[in-house]
Amino acid sequence: MGSFSSCFFVVVLCICVFLFAGSGAFNVDQTGARTWCIAAPNLGSEILQRIIDWYCEQPGVNCIVLKPGGSCYEPSTLHDHASVVLNLFYKAHGGISPWCPANAGILTNIDPSTGSCIYP
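Source: prediction; values computed, not measured. (Residues numbered from 1 in each chain as written. Predicted model: local features only at pLDDT ≥ 70, side-chain atom pairs only at ≥ 80, totals over all residues. Heavy atoms only, no water.)

## So, the overall build of the chain
Turning to step 1, where the next piece is worked out: Within the chain one finds 3 helices and 2 strands.
Turning to step 2, where the next piece is worked out: If you list the helices and strands of the chain from N to C, you get α-β-α-α-β.
Turning to step 3, where the next piece is worked out: Among the 120 residues that make up the chain, the fraction classed as buried is 34%.
Turning to step 4, where the next piece is worked out: Sequence-distant contacts, at least 24 apart, represent 69% of the contacts inside the chain between residues at least 6 apart.
Turning to step 5, where the next piece is worked out: Within the structure as shown, the chain displays about 7,400 Å² of accessible surface, and the carbon and sulfur contribution to it stands at 66%. (Helix = DSSP H or I, 4+ residues; strand = E, 2+ residues; numbered from the N terminus. Buried < 20%, exposed > 50% of the residue type's maximum accessible area, 1.4 Å probe, protein only. Contact = heavy atoms within 4.5 Å. Areas by Shrake-Rupley, 256 points an atom, 1.4 Å probe, with all protein chains shown as cover.)

## Brief notes about the nonpolar core
Turning to step 1, where the next piece is worked out: With 25 residues, the main nonpolar core has Leu-43, Ile-51, Leu-66, Val-84 and Val-85 as its most contacted residues.
Turning to step 2, where the next piece is worked out: Among the elements of the structure, β1 (36-39), α2 (45-55) and α3 (78-92) are those that each provide at least two residues to this core.
Turning to step 3, where the next piece is worked out: With 7 residues, α3 is the single largest residue contributor to this core.
Turning to step 4, where the next piece is worked out: Once residues lying within four places of it in the same chain are set aside, the contact partners of Leu-43 are Leu-48, Ile-51, Asn-103 and Ala-104. (Core = buried A, V, L, I, M, F, W, Y, C linked by side-chain atoms within 4.5 Å.)

## Comments concerning α2
Turning to step 1, where the next piece is worked out: Taken together, the buried positions of α2 are Leu-48, Ile-51, Ile-52 and Tyr-55. Buried positions in α2, seen along its axis, are confined to an arc of 95° and lie on one side of it.
Turning to step 2, where the next piece is worked out: Those residues of α2 that are buried are in contact with β1 and α3. (Arc of directions from axis to C-beta.)

## What about the pattern of salt bridges?
Turning to step 1, where the next piece is worked out: As enumerated under the stated definition, the model contains 1 salt bridge in all.
Turning to step 2, where the next piece is worked out: The shortest N-O distance in the salt bridge between Glu-46 and Arg-50 comes to 2.4 Å. Here the residue Glu-46 and the residue Arg-50 both occupy positions in helix α2, the gap between them amounting to 4 residues, near one helical turn.
Turning to step 3, where the next piece is worked out: With relative accessibility at 53%, the residue Glu-46 sits in the exposed group. (Salt bridge = Lys/Arg side-chain N within 4 Å of Asp/Glu carboxyl O.)

## Side note on the state of the cysteines
Turning to step 1, where the next piece is worked out: Inspection of every chain in the model, using the stated rule, returns 3 disulfides.
Turning to step 2, where the next piece is worked out: Disulfide pairing places Cys-56 opposite Cys-63 at an S-S distance of 1.9 Å. When the S-S torsion is -95°, as for the bridge of Cys-56 with Cys-63, the disulfide is left-handed.
Turning to step 3, where the next piece is worked out: Accessibility expressed as a relative area gives 22% for Cys-56, which makes it partly exposed.
Turning to step 4, where the next piece is worked out: There is a disulfide in this structure between Cys-72 and Cys-117, and the S-S distance comes to 2.0 Å. Handedness of the Cys-72-Cys-117 disulfide follows from its S-S torsion of about 90°: it is right-handed. Note that Cys-72 is positioned in the loop between α2 and α3 and Cys-117 in the segment after β2 (105-108), a separation of 45 residues in sequence. Across the pair, exposure class does not vary: Cys-72 and Cys-117 are buried alike.
Turning to step 5, where the next piece is worked out: Listing the disulfide partners of the chain by sequence rank of the bonded cysteines yields 1-5, 2-3, 4-6. (Disulfide = S-S within 2.5 Å.)

Distances and angles like these do not, on their own, reveal function.
Okay, structure coming up:
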């Protein structure tokens, strides 16, 4: 009977993760603070451009905000634009930490929004 209850717990946990992942319920850290995924500060310009190019092709990432006149065109730096696309990708996947790529992004609980560029 013990293995049945363990299996049942795992199934219920998976269902909860599935249901809440898209709701933004996991867009918080352990303290309950909101989180954002931004580009790591030590990335070179070539890597930042690759991030922008690749993530702009992913579902849920609308890079129109990076075009001239878009709400996140300014500040017009590779680091800022890469941060925007990483965060859009992260939010498109429910704001769950595995969706902030460890090799390119870092999680922060400090809102990176600047000017007209409001990070969701």
